[in-house]
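If you want the building blocks of each chain, they are given just below.
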Amino acid sequence: MPMTKISLIKCDDYNKVNNAVKEAVNLLGGVSAFIKPSEKILIKPNLLAPKDPSKAVTTHPEIVRAVIKLVKEVGAVPVVGDSPGGDVRDIKNLWKVTQMEKVCSEEKVELMSFEAAGSKKFDINDKNIRRVNFSNVALDCDGIISLPKLKTHTLMSFSAGIKNLYGLVPGLMKVEYHKYASKNKDFADLLTNIYLFFKSKIRFTLVDGILSMEGNGPSAGEVRKTDLIAASCDAAVLDAYLLDMLGYDISNSGILKNLKMTKSVFSTVEILGEKRGSFNLKEFKFPSVRKLDLFPKFIIRIFGKFLWIKAAVNEKICMRCMLCIRSCPAGAIRPGINQYPHVDAKKCISCFCCHEMCPHKAIIFKKSILAKIFMKDR
Ligand code: SF4
Ligand code: SF4
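Residues numbered from 1 in each chain as written. Chains lettered and ligands numbered in written order. Predicted model: local features only at pLDDT ≥ 70, side-chain atom pairs only at ≥ 80, totals over all residues. Heavy atoms only, no water.

For the rest of this paragraph, the subject is the site of ligand 2. What surrounds ligand 2 is a group of 13 residues, the closest being Cys-328, Cys-348, Cys-351, Phe-352 and Cys-354. Across the shell around ligand 2, the residue classes tally to twelve nonpolar, one polar and no charged. (Near = heavy atom within 4 Å. Nonpolar A, V, L, I, M, F, W, Y, C, P; charged D, E, K, R; others polar.)

All right, on to the packing of helix α1 (residues 17-28) against helix α2 (residues 61-73) then. Taken N-terminus to C-terminus, the directions of α1 and α2 make an angle of 55°; their axes are 9 Å apart at the nearest point. By the criterion of interaxial angle, the relationship of α1 to α2 is oblique. The handedness of the crossing between α1 and α2 is right-handed. Between α1 and α2, the residues in contact are Val-17, Asn-18, Val-21, Lys-22 and Val-25 and Glu-62, Ile-63, Ala-66, Val-67, Lys-69, Leu-70 and Glu-73, respectively. Partitioning the contact of α1 with α2 into residue classes produces seven nonpolar, one polar and four charged. (Axes fitted to C-alpha atoms, helices over the stretch in contact; angles between N-to-C directions. Helix = DSSP H or I, 4+ residues; strand = E, 2+ residues; numbered from the N terminus. Parallel < 35°, antiparallel > 145°, perpendicular 65-115°, else oblique. Left-handed = near helix turned anticlockwise from the far one by under 90°. Contact = heavy atoms within 4.5 Å.)

Counting residues in hydrophobic clusters, the biggest one holds 60 residues, and the most contacted among them are Leu-42, Phe-134, Leu-168, Leu-190, Ile-194 and Leu-242. Within the residue set of this core, elements represented by two or more residues are β1 (4-10), β6 (131-135), α5 (136-140), α7 (184-198), β10 (202-214), β11 (222-232), α8 (235-245) and α9 (254-258). At nine residues, α8 tops the list of elements feeding residues into this core. Excluding residues that lie within four positions of it along the chain, Leu-190 makes contacts with Ile-124, Asp-126, Ile-129, Val-132, Tyr-166, Tyr-177 and Ala-181. (Core = buried A, V, L, I, M, F, W, Y, C linked by side-chain atoms within 4.5 Å. Buried < 20%, exposed > 50% of the residue type's maximum accessible area, 1.4 Å probe, protein only.)

Here we take up the site of ligand 1. Around ligand 1, the structure places 13 residues, and the nearest of them are Cys-318, Cys-321, Met-322, Cys-324 and Cys-358. The class makeup of the residues in the shell around ligand 1 is eleven nonpolar, one polar and one charged.

What follows deals with the pattern of salt bridges. Taken as a whole and judged by the stated rule, the model has 20 salt bridges. Of the charged contacts, one joins Glu-214 and Arg-224 as a salt bridge, the two residues approaching to 3.1 Å between their closest N and O atoms. Highlighted residues: Glu-214 in strand β10 and Arg-224 in strand β11, separated in sequence by ten residues. On the basis of relative accessible area, Arg-224 is assigned to the buried category, the value being 11%. Here the residues in one salt-bridge network are Glu-62, Arg-65, Lys-72, Lys-102, Glu-106 and Glu-107, joined through shared partners. (Salt bridge = Lys/Arg side-chain N within 4 Å of Asp/Glu carboxyl O.)

Domain annotation for the chain reports domain 1 (4-278) and domain 2 (295-376). Centre-to-centre separation of domain 1 and domain 2, based on C-alpha positions: 27 Å. Both faces considered, domain 1 and domain 2 share a buried interface measuring about 1,600 Å² in area, 58% of it formed by carbon and sulfur atoms. Counting every contact that joins domain 1 to domain 2 gives five residue pairs in polar contact (both at pLDDT 80 or more). Broken down by element, the residue count for the side of domain 1 that touches domain 2 peaks at three residues, all from helix α6 (residues 173-180). Residues that form the side of domain 1 that touches domain 2 fall into these classes: seven nonpolar, ten polar and five charged. (Domains from an automatic or database assignment. Buried area = accessible area lost by both parts, 1.4 Å probe. Polar contact = N/O pair within 3.5 Å; in protein donor to acceptor, adjacent residues only side chain to side chain.)

Attention shifts here to the environment of Phe-374. In this fold, Phe-374 is placed in helix α13 (residues 369-376). Note: C-alpha distance between Phe-374 and Lys-69 (305 residues apart in sequence) is 50 Å.

To continue, consider the packing of aromatic side chains. All chains considered together, the criterion is met by eleven aromatic pairs. Between the aromatic rings of Phe-122 and Phe-134, the centroid separation amounts to 6.3 Å while the plane-to-plane angle is 35°, which identifies the pairing as tilted. Placement of Phe-122 in strand β5 (residues 119-123) and of Phe-134 in strand β6 is noted, with a sequence separation of twelve residues between them. With relative accessibility at 26%, the residue Phe-122 sits in the partly exposed group. Relative to Phe-197, the ring of Phe-134 lies with its centre 4.7 Å away and its plane at 25°, an arrangement referred to as stacked. Here Phe-197 lies in helix α7 and Phe-134 lies in strand β6, a separation of 63 residues in the sequence. Overall, the relative accessible area of 0% leaves Phe-134 in the buried class. The cationic tip of Arg-320 hangs over the ring face of Tyr-340; the distance from NZ or CZ to the ring centre is 4.8 Å. (Phe/Tyr/Trp six-rings, centres within 6.5 Å; stacked < 30°, edge-to-face > 60°. Lys NZ or Arg CZ within 6 Å of the ring centre and 35° of its normal.)

What follows is the structure, given as structure tokens:
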């Protein structure tokens, strides 16, 4: 059976990332094994929101710079781009704050707006959303190098290789699709189908886990220094391996279940570089809301109606920017009479897009009494 290579590199400082990235890719066979001269390669970081790189919400610009250099080394043409989450309208500000603009202008590489480049619709065989729009930037390039940030995710528990590809859907369509895929299982199906659509185009995935995010990610969690760079040509196997390293039972991942991936896949993995035990990943915190998904099915069947977690606004922190209103696929948030946004719990579909997009960590989770009781025990 052919082995899947995963390289693990320890790197404790973004100033040293150039060598670390190079080593990670060399261990997989070197960049020329994946990219041919003159090819147009999309480098796809995670640019979820306009956040400083130190906040661990977005892929660090020095990782992007190191990969740009590798792509240029083989005489290929790199372009950089991602579509931010929710209703982030000022893409230039996002590029500035995340330092993508600086890196791309210093390296003389085109930074692409997925929204401005347009999109095309494709049938991806998803039962909830038959046709999905993908950015022309992703469709027109010869290959993609995916550079996810290692983070937790309130709806999916985890965000790395496969979740990073959701950014290939431009603009507010991402929010729109959440309306039809608000539950973990449905969103896992959608992400799986997007991954399968682009799988053959992905040359390799390199995860930025030097500063990671634990807790209630992907934007409101806590930064954790994990000093890790991990790379592989197989994003799904890489995700499975990283999840296992973080102490998460991979049988609870809807995406990996869809791909029929169990722990037995690790017998076909060749780890290169550092040993997995040399990273500080102990007691990595996953989102508190994920626990509802781990309840036995019979409990959900019996108590489902009374087991819920909905979004709510913490008015003490809220800055009334109204981004949550524009990012809610269910139209469940409206300005209240006191000028603060108000969540209509009856309309809320618990997708947590608002939590993901709130720049001030002002979205909190309101639990039903039964959810509080059950979750306390776990
Ligand atoms: S909850 Fe967050 S996103 Fe919504 S208005 Fe307040 S600060 Fe803005
Ligand atoms: S209010 Fe509910 S439906 Fe709207 S974005 Fe937040 S979690 Fe999703």
